[in-house]
Amino acid sequence: MDIDWTTTRLSRFFPLFGEGVRIEGPGGAGLPEFLLQAAGIDPDYLARRVQTVFLNGRPVDDLSRAEVRPGDRIALSAALPGLAGAVLRRGSALAAMRRTITWEEAPRGKGAAGLTAATLLLFNLVASERGPDLLARGVSIPAATLSAFVERNFPRGVPPGDTVRIDGRPAGGDPWWRGLSPEGLHRLRVRPAPA
Amino acid sequence: MDKILRIQMGAEGGPKAKTEPLPAAYAGLGGRGLTSAIIAHEVPPSCHPLSEDNKLVIAPGLLSGSAAAMSGRISIGCKSPLTGGIKEANAGGMPAQMLGRLGYAAVVLEGKPKDDTLYRIYLGKDKVEIRPDNSLKGLGNYALAEKMKAEYGDKVSLISIGPAGEMKMAAASIACTDMEFRPTRHAGRGGVGAVMGAKGVKVIVVDDAGCGVRRPKDAEAFKEANKKFVEGLRKHAVTGQGLPAYGTNVLTNVINEAGAYPTKNFMWGRFANCNKISGETQAELENARGGEGSATHGCHRGCVIRCSGTYYDKDGAYLTKQPEYETVWAFGGNCGIDDLDAIATLDRLCDDFGLDTIETGATVAVAMEAGVAAFGDAPAAIRLVKEIGAGTPLGRILGNGAAVTGRIYGVERVPVVKGQAMPAYDPRGVQGIGVTYATSTMGADHTAGYAVATNILGVGGNVNPLRPEGQVDLSRNLQIATAAIDSTGMCLFIAFAIMDQPETFQALVDLINTFHGLKLTADDVTALGKRVLSLEREFNRKAGFTQAMDRLPDFFRKEKLPPHDVVFQVKDEDLDRVFNW
């Protein structure tokens, strides 16, 4: 299903990136190239702002050596407080402290040609800075994830001032999200409501 | 800040106060440096923590009461009833600044009353008043604050205990009031509240009326250093943006992603519903609900990071301060609870009863593993914490922490070191933190080795991150650096900015030097950290601590932690090298 949402409060949707959205990029690409092509995150932003990167839950130190494969899970975060925040940082001087979980390049076979699908999670400032652009472009989300998110965050229905269209038709009914298919992926596009 | 106030609670005829000049042996020390020095020199290591021989030392930082930013931390030290070793717990709030302006380097509570009379202490300009007040018995910290406000107004600050401290529970905290006169800032760890309860002191009212701001030796240079320090904090992504926007709970999603988020009493490294309680979700909820200081708020005057906030319930009524990452984890993922309102309620209860949220959350999780309640059952968790506040037989067990509760219920998986519950990072995921948990003088403590990097302080030279033993060296260096920073009384969250920005670190050193007329160097700071740790280690040794206590519980070496399926791998002989310098 395609869901078009205009909202008076875009930040409501940023926590959705903590659940993960599906993106597609060139198979066999390194992380920077993949993120640029699949999510419009340019390498300069990645280098400057994204201080902590996970590939399949493992902190990555050298992005150029990390190649994205089908089904991978990528998470991006800005700099974090605390010792753990420092330890998990990309290229941290304290990297020895998380040695057992650090991502290491390992033979995984040749990357697939064509498009590769991965799950992208954006945390904290990265979600608020890159989220609006991604939401405007549209993101693919597992149906169950989106249904649970909507049910939890909009229990009283579409907020005043917001409009929702599902496959081109205005969403209605009570509760309206029950009309979402529970299977597959939904395409969600969110834009700010005109002032 | 050139004097110490000693109050002998067991004096003949009632408590007696005595002010003395700061002894030379304690000169140049503040915060943890001063509390640990006094405890190490004056308290018999083998004494019972609740006995008359123990002392409760309350010390502001070296710059508290001045115009220096971030200088409002207060350290509280004693022999811990939870660990049996030396303890320093610190908190934000207003008392540190006010004690500094009153000129106190430390307030020391000594002895204990001969009966169960409860006392209140008033500290004002040139005035110390101690009087019995049994009407305060059993009051929660919030009701106590209201009562004190009616008498003294809201321009004073409070250092107080709730019912848990009165009952001398090993998880009892000491509350400090914040800028809104709410008892939300706690010296939480190690049962310091029980020691204050044993001294028979319910509340210390700190009133700095008539006292000016503390003046630096070199006013112009100090002003310039403070300006640079604040600029450095504001321009850094963590202290200037991440922490103000999301608070410390910004860590939830990331630690979970790393597979190091202790879940359901350390059974897993990921909590499936963590996004429901993440800092991002919390900030969005707080912003949507609105209210004064909702998602961004300071805990004391002079804070420029403002990592805290105010948590309002769904009807817009004040519930508690913004729960911190450790609290959200302790009652959240660790108990399998994914409801922020329930977690905020638990935070409020802990603040009111005067309980350490880390210890209490860890204890509830151990009780859940024992079958006392089901993981994820938020109403049951609330009920259990209320049992502690009411002092029921079950509450007395829970209020004495995770180790006691695990022993009584026969639970093997009890995440404690030296009797103190672990914070919110699984040491199998981030093994270097496990080194610090194991070897810290304080018991499992996430703040014992903070992110003050070796490249700034030069403690121990360069460490090769690819060497397995690197984490031992790093833990040592971090513990040294942290002990030094703790001794300044500065908020630890300055660590990132001073780590990344040499000019901000220099501004911090300049702040201290220009204020006190000193010429400290990074080497001096390192030497101070080593001195503090050595004092603490020696106290613990005399209290009966051995190398065998510098270990993690056995299950961390046996049970693989999903999703990375790792166990704690640092060898015992490497742990024993941490304090070789």
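See above for the structure.
Chemist: Sorry, what's going on with the overall build of chain A here?
Modeler: A tally of helices and strands in chain A yields 6 helices and 10 strands. Here the C-alpha atoms of chain A give a radius of gyration of 18 Å, agreeing with the 16 Å that 2.2 N^0.38 yields for 195 residues. Taking all 195 residues of chain A together, 52% fall into the buried category. In chain A, the share of contacts with a sequence separation of at least 24, taken over all contacts with a separation of at least 6, comes to 80%. In the structure as shown, chain A presents an accessible area of about 8,000 Å², 49% of it carried by carbon and sulfur atoms. Between the averaged position of the 25 positive side-chain charges in chain A and that of its 20 negative side-chain charges there is a distance of 3 Å.

Chemist: Teacher, can you tell me more about the nonpolar core here?
Modeler: A general tendency of soluble globular proteins is for nonpolar side chains to be buried together. By size, the foremost hydrophobic cluster in this structure holds 192 residues, and its most contacted members are Ile74, Leu76, Leu120 and Leu188 of chain A together with Met70 and Phe229 of chain B. The element best represented in this core is helix H11 (residues 340-353) of chain B, accounting for 8 residues. Look past the residues within four positions of leucine 188 of chain A in its chain and what remains in contact with it is Ile3, Trp5, Phe13, Leu16, Leu135, Gly138, Val139, Ile141 and Leu146 of chain A. Counting 33 residues, the second-largest nonpolar core is a separate cluster that includes Ala91, Leu102, Val107 and Val206 of chain B.

Chemist: Even after reading the chapter, I still don't get the packing of aromatic side chains, so can you show me in this structure?
Modeler: Aromatic ring pairs are described here by two measures, namely the spacing of the ring centres and the angle between the planes. Using the criterion set out here, one finds 12 aromatic pairs over all chains in the structure. A ring pair is formed by phenylalanine 266 of chain B and phenylalanine 556 of chain B, whose centres lie 5.8 Å apart and whose planes are at 90 degrees; its orientation type is edge-to-face. With phenylalanine 266 of chain B in the loop between helix H8 (251-257) and helix H9 (279-289) and phenylalanine 556 of chain B in helix H22 (residues 555-558), this pair connects stretches of sequence that are 290 residues apart. The class for phenylalanine 266 of chain B is buried, based on a relative accessible area of 0%. Classification of phenylalanine 556 of chain B as buried rests on a relative accessible area of 0%. In this structure an aromatic cluster arises from ring pairing among Trp5, Phe13, Phe149 and Phe154 of chain A. Above the face of the tyrosine 318 of chain B ring, arginine 182 of chain B is positioned so that its terminal group lies 3.6 Å from the ring centre.

Chemist: Which parts of the structure should I look at to understand the side chain of threonine 100 of chain A?
Modeler: Position of threonine 100 of chain A among the secondary structure elements: in the loop between helix H4 (82-88) and strand S6 (115-122). Taking the relative accessible area as the measure of exposure, threonine 100 of chain A reaches 16% and is therefore buried. Leaving out residues up to four positions away in the same chain, threonine 100 of chain A has contacts with Arg58 of chain A together with Arg428, Gly429, Gln431, Val566 and Gln569 of chain B.

Chemist: Would you mind going over the sheet that holds strand S6 (residues 104-110) of chain B with me for this structure?
Modeler: Strands belonging to one sheet form pairs held by backbone hydrogen bonds; the direction of such a pair is parallel or antiparallel. All names here are of chain B. With mixed pairing, 6 strands are arranged side by side in an open sheet as S2-S1-S6-S3-S4-S5. Since the sheet does not close on itself, it has two edges, and those belong to strand S2 (16-21) and strand S5 (86-91), each with one partner. Adjacent strand axes in the sheet meet at a mean angle of 20 degrees when their direction is disregarded. As judged from the 4 bridges shared by strand S3 (residues 56-60) and strand S4 (residues 74-79), these two strands associate in the antiparallel manner. Its bridge partner being in S4, isoleucine 58 is matched across the sheet by isoleucine 76. Most of the contacts of helix H1 (residues 31-42) go to S4, to which it runs at about 20 degrees, and overall it touches strand S1 (3-8), S3, S4, S5 and S6.

Chemist: How should I be thinking about the interface of chain A and chain B in this particular structure?
Modeler: A common way to report how large an interface is uses the accessible area buried once the components associate. Taken together, the contact pairs 41 residues of chain A with 47 residues of chain B. For the chain A and chain B pair, buried surface summed over both sides reaches about 3,800 Å², with 65% attributable to carbon and sulfur atoms. By the criterion of area lost to chain B, the three top residues of chain A are Pro81, Leu83 and Met97 of chain A, representing 17% of everything that side buries. Glutamate 257 of chain B serves as the salt-bridge partner of arginine 73 of chain A, at 2.7 Å between the closest nitrogen and oxygen. Put simply, the parts of the chain that give the side of chain A that touches chain B at least two residues each are helix H1 (16-19), strand S3 (52-55), strand S5 (73-77), H4 and helix H5 (124-137) of chain A. Sorting elements by how many residues they give to the side of chain A that touches chain B places H4 of chain A first, with 7 residues. Across the side of chain A that touches chain B, the residue classes tally to 20 nonpolar, 11 polar and 10 charged.

Chemist: Looking at this structure, I do not really get the sheet that holds strand S12 (residues 201-206) of chain B. What am I missing?
Modeler: All names here are of chain B. Strands sit in the order S8-S7-S12-S9-S10-S11 across an open sheet of 6 strands; the sheet is mixed. Each edge of the open sheet is held by one strand with a lone partner, namely strand S8 (127-132) and strand S11 (185-187). Averaged over neighbouring strand pairs, the angle between their axes works out to 15 degrees when direction is ignored. In terms of strand pairing, strand S7 (residues 119-124) meets S8 through 6 bridges, oriented antiparallel. Across the sheet, glycine 124 pairs through a bridge with lysine 127, a residue of S8. Helix-sheet contacts for helix H2 (residues 95-102) involve S7, strand S9 (157-160), strand S10 (174-176) and S12, and the interaxial angle to S9 is about 110 degrees.

Chemist: Even after reading the chapter, I still don't get H11 of chain B, so can you show me in this structure?
Modeler: Helical geometry: 3.6 residues make up each α-helical turn, so side chains three or four residues apart lie on a common side. All names here are of chain B. Along its 14 residues, H11 runs 20 Å from first to last C-alpha, staying within 8% of the 20 Å computed at 1.5 Å per residue. Most of H11 is tucked away: 11 of the 14 residues are buried. Burial in H11 covers these residues: Leu340, Ala342, Ile343, Ala344, Leu346, Asp347, Leu349, Cys350, Asp351, Asp352 and Phe353. Backbone nitrogen of aspartate 341 and a side-chain oxygen of the N-cap are separated by 2.9 Å at the start of H11; the cap is aspartate 339. Just beyond H11, the residue with positive phi is glycine 354, at close to 80 degrees.

Chemist: Would you explain a negative patch on the surface in this entry?
Modeler: Residues and elements named next belong to chain B. Together, Asp218, Glu220, Glu224 and Glu231 give the surface a local cluster of negative charge. When you line up the elements, glutamate 220 lands in helix H6 (residues 219-235). Taking relative accessible area as the criterion, glutamate 220 reaches 59% and is therefore assigned exposed.

Conventions adopted
Residues numbered from 1 in each chain as written. Chains lettered and ligands numbered in written order. Predicted model: local features only at pLDDT ≥ 70, side-chain atom pairs only at ≥ 80, totals over all residues. Heavy atoms only, no water. Helix = DSSP H or I, 4+ residues; strand = E, 2+ residues; numbered from the N terminus. Rg over C-alpha atoms; globule rule 2.2 N^0.38 Å. Buried < 20%, exposed > 50% of the residue type's maximum accessible area, 1.4 Å probe, protein only. Contact = heavy atoms within 4.5 Å. Areas by Shrake-Rupley, 256 points an atom, 1.4 Å probe, with all protein chains shown as cover. Lys, Arg positive; Asp, Glu negative; His and termini not counted. Charge placed at Lys NZ, Arg CZ, Asp CG, Glu CD. Core = buried A, V, L, I, M, F, W, Y, C linked by side-chain atoms within 4.5 Å. Phe/Tyr/Trp six-rings, centres within 6.5 Å; stacked < 30°, edge-to-face > 60°. Lys NZ or Arg CZ within 6 Å of the ring centre and 35° of its normal. Pairing = 2+ DSSP bridges. Axes fitted to C-alpha atoms, helices over the stretch in contact; angles between N-to-C directions. Buried area = accessible area lost by both parts, 1.4 Å probe. Salt bridge = Lys/Arg side-chain N within 4 Å of Asp/Glu carboxyl O. Nonpolar A, V, L, I, M, F, W, Y, C, P; charged D, E, K, R; others polar. Expected span 1.5 Å × (residues − 1). Polar contact = N/O pair within 3.5 Å; in protein donor to acceptor, adjacent residues only side chain to side chain. Patch = residues over 30% accessible without salt bridge, like charges linked within 9 Å, V, L, I, M, F, W, Y side chains within 5 Å.

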